[in-house]
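# An overview of the molecular structure
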Amino acid sequence: MSDPADSLRSYVRAALELQGYEFSEERIAEMTLQFTRIESIARTLLPPAADADAKLDLGPAPVFRP
Amino acid sequence: MNGAALDIARRIRSGERTAASVLAETRALIEARDRALNCFTATTFERAEREAGAIDARRSRGESLPPLAGVPYAVKNLFDIAGVTTLAGAKVNADNPAAAADAYLVARMHEAGAVLVGALNMDEHAYGFTCENTHYGATRNPHDLARVSGGSSGGSAAAVAGDMVPVTLGSDTSGSIRVPASFCGVFGLKPTYGRLSRSSCFPFVDSLDHVGPLAGTVGDLAATYDALQGRDARDHACAQRDIECVGATPILPAGTRVGILGGWFQDWAGPAARSAVQMAAAALGARRWCELESAASARAAAFVITGAEGGALHREKLQARYAEFEPASRDRLVAGSLIPASWLIQAQRVRKMAHAEALELFGRFDVLLAAAAPDYAPLIGSESFTINDRTVPTRATLGVLTQPISCIGLPVCAAPLWPEGDGKGQPAVNMPMGVQLIAAPWREDLCLAAAAVLERAGIAGVRAATAAAGGGSASRQ
């Protein structure tokens, strides 16, 4: 199993390239840190992969209306 | 000092004052005080003279005057002002052409007779809670120049607290009206998502962006809110609802059930914030605690949605002009633009779940009470602060109590209290601490009425900003 930190680094690097960004290694490292923080927060919203019945994973994503 | 907005309008209507004299006094106040506070990024005095002159001419012709006749106000610099470049706090927007027309809400204020005196500082692209803007300077807190004004509508809050104008307009995506209102000690209203039109406002996060007023009294806030309402098809989120006026003296109905939010909202409230909530609860007769169990998830959802939508909005300019973006937020924006769609979709599902839970809560309560910020305004340059033994990054955490509420679009009035220490030995710092008064969708009237209770009880209101340049401002409480 791959190291999650390596996976995040690889993802950020590939996604930056795909989106057309060109940054120095120093900047990529900083953006990886920022993305890692977002991922740690997003992870709390995602049901565990093994939990196929997780309530939140069902249904469409709504357009928000108050 | 100029005084409260409704008082100014009343005096102009009666002939006791002219709009031109009020404007002249306002201009002098701004010129004396803004050097230290740095609220204004542009002034519009020529336009203001035309607007004030028109009000005075109408009165001299014997015409009836609109509700905010001659009231000076200013707007966060993300609202379009005809003839002024809309900066949204960013250097990359400084070379854009001037706006051809006013934003919808600026036009509404003009119709209400108000006199626009300028545009106000903010965090770049509204992405921040401190108003420490690298390009245009930090807006300082009128109660302590060493502290931040809060953000992103920092100029809007500090201009009222510094007694330069009685009313301003701001925007709130995750707390950007409520946090600076709390830090600067003014009232702020974040209406229901979709209540007020955002057309011709520079966007940040379309599905979370709100706009609303800040003011020194509840009456001024309510009167301004009433003037701003209206249907506007140019903002796709603007609800097609009739105007529901609150009036300048909102009254909380007898038997209103006020619940005190615990759980997340206590965990992230420091001693001063808890003290402010206790003071407000006592004045409102609130004794029952409740929880919004999905608060943590709602905050996380807001964080993800903000990153994804904000990053996507600025992606092209970030690619071309990254170096000109705000150093404090540009890497977060780029990282946000990399968020996978599945996370964003999940965040929207969580949002729906949290909204449903909140609506259930409003079956038991009419108004919910929570602190508006974890602590007093931090010092300018502060990178971290400690809340309940947790040391956390300042910029990312100041909205921790506001984000769960704006994520689900509920109306909130932020009211400024002045807790004297925490009763456990913490010294009084003579700084304001805001509370949030939260109601069910479209019940801004209840938020404002609850704030009016605190104001009438003498525990919420603006106080003289002794640190403001020139000093000498007086309380409007």
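First things first, this report covers the structure right here in the doc. (Residues numbered from 1 in each chain as written. Chains lettered and ligands numbered in written order. Predicted model: local features only at pLDDT ≥ 70, side-chain atom pairs only at ≥ 80, totals over all residues.)

### With respect to the interface of chain A and chain B
We apply this condition: The contact rule is simple: place each C-beta atom from the backbone, and if two of them lie within 7 Å, those residues are in contact. For helices the rule is a DSSP run of H or I covering at least 4 residues; for strands it is a run of E covering at least 2, with both sets numbered from the N terminus onward. Three categories are distinguished: nonpolar for Ala, Val, Leu, Ile, Met, Phe, Trp, Tyr, Cys and Pro, charged for Asp, Glu, Lys and Arg, and polar for the others, with Gly belonging to the last.
Contacts between the two partners involve 22 residues from chain A, matched on the other side by 32 residues from chain B. Elements represented by at least two residues in the side of chain A that touches chain B include exactly α1 (4-18) and α2 (25-42) of chain A. Of all the elements, α2(A) adds the most residues to the side of chain A that touches chain B, at 7 residues. Counted by class, the side of chain A that touches chain B contains 16 nonpolar, 5 polar and 1 charged residues.

### As for the packing of helix α2 (residues 19-37) of chain B against helix α3 (residues 45-60) of chain B
Residues and elements named next belong to chain B. We apply this condition: Angular values range over 0 to 180 degrees, each being the angle between N-to-C directions of two axes fitted as lines to C-alpha atoms, with helices fitted over their stretch in contact. For classification, angles of less than 35 degrees are called roughly parallel, those exceeding 145 degrees roughly antiparallel, those between 65 and 115 degrees roughly perpendicular, and all remaining angles oblique.
At a closest axis distance of 8 Å, the pairing of α2 and α3 adopts a crossing angle of 155°. By the angle class used here, α2 and α3 are roughly antiparallel. Between α2 and α3, the contacting residues are Ala-19, Ala-20, Leu-23 and Arg-27 on the first element and Phe-45, Ala-48, Glu-49, Ala-52, Gly-53, Ile-55 and Asp-56 on the second.

### Some thoughts on α1(A)
Quick note on the threshold: A helix's residues, less one, multiplied by 1.5 Å, set its expected span.
The terminal C-alpha atoms of α1(A) lie 21 Å apart, and with 15 residues this matches the ideal 21 Å at 1.5 Å per residue to within 8%. Just beyond α1(A), the residue with positive phi is A:Gly20, at close to 90°.

### Describing the environment of B:Cys131
Summarising the element assignment, B:Cys131 is placed in the loop between β3 (115-120) and β4 (132-133). Separated by 71 residues in the primary sequence, B:Cys131 and B:Ser60 have C-alpha atoms spaced 42 Å apart.

### Structural notes on the environment of B:Asp102
Residue and element names in this part refer to chain B. So the rule is basically this: Here a residue counts as buried when 20 or more other C-beta atoms fall within 10 Å of its C-beta, as exposed when 12 or fewer do, and as partly exposed in between; the C-beta atoms come from the backbone.
Here Asp-102 lies in the loop between β2 (72-76) and α4 (104-111). On the basis of neighbour counts, which here come to 21 C-beta atoms within 10 Å, the residue Asp-102 falls in the buried class. The sequence separation of Asp-102 and Cys-407 amounts to 305 residues, and the corresponding C-alpha distance is 28 Å. For Asp-102, the residues in contact, after removing those within four places along its chain, are Asp-80, Ile-81, Ala-82, Ala-107 and His-110.

Remember, this is a structural readout, not a statement about activity or role.
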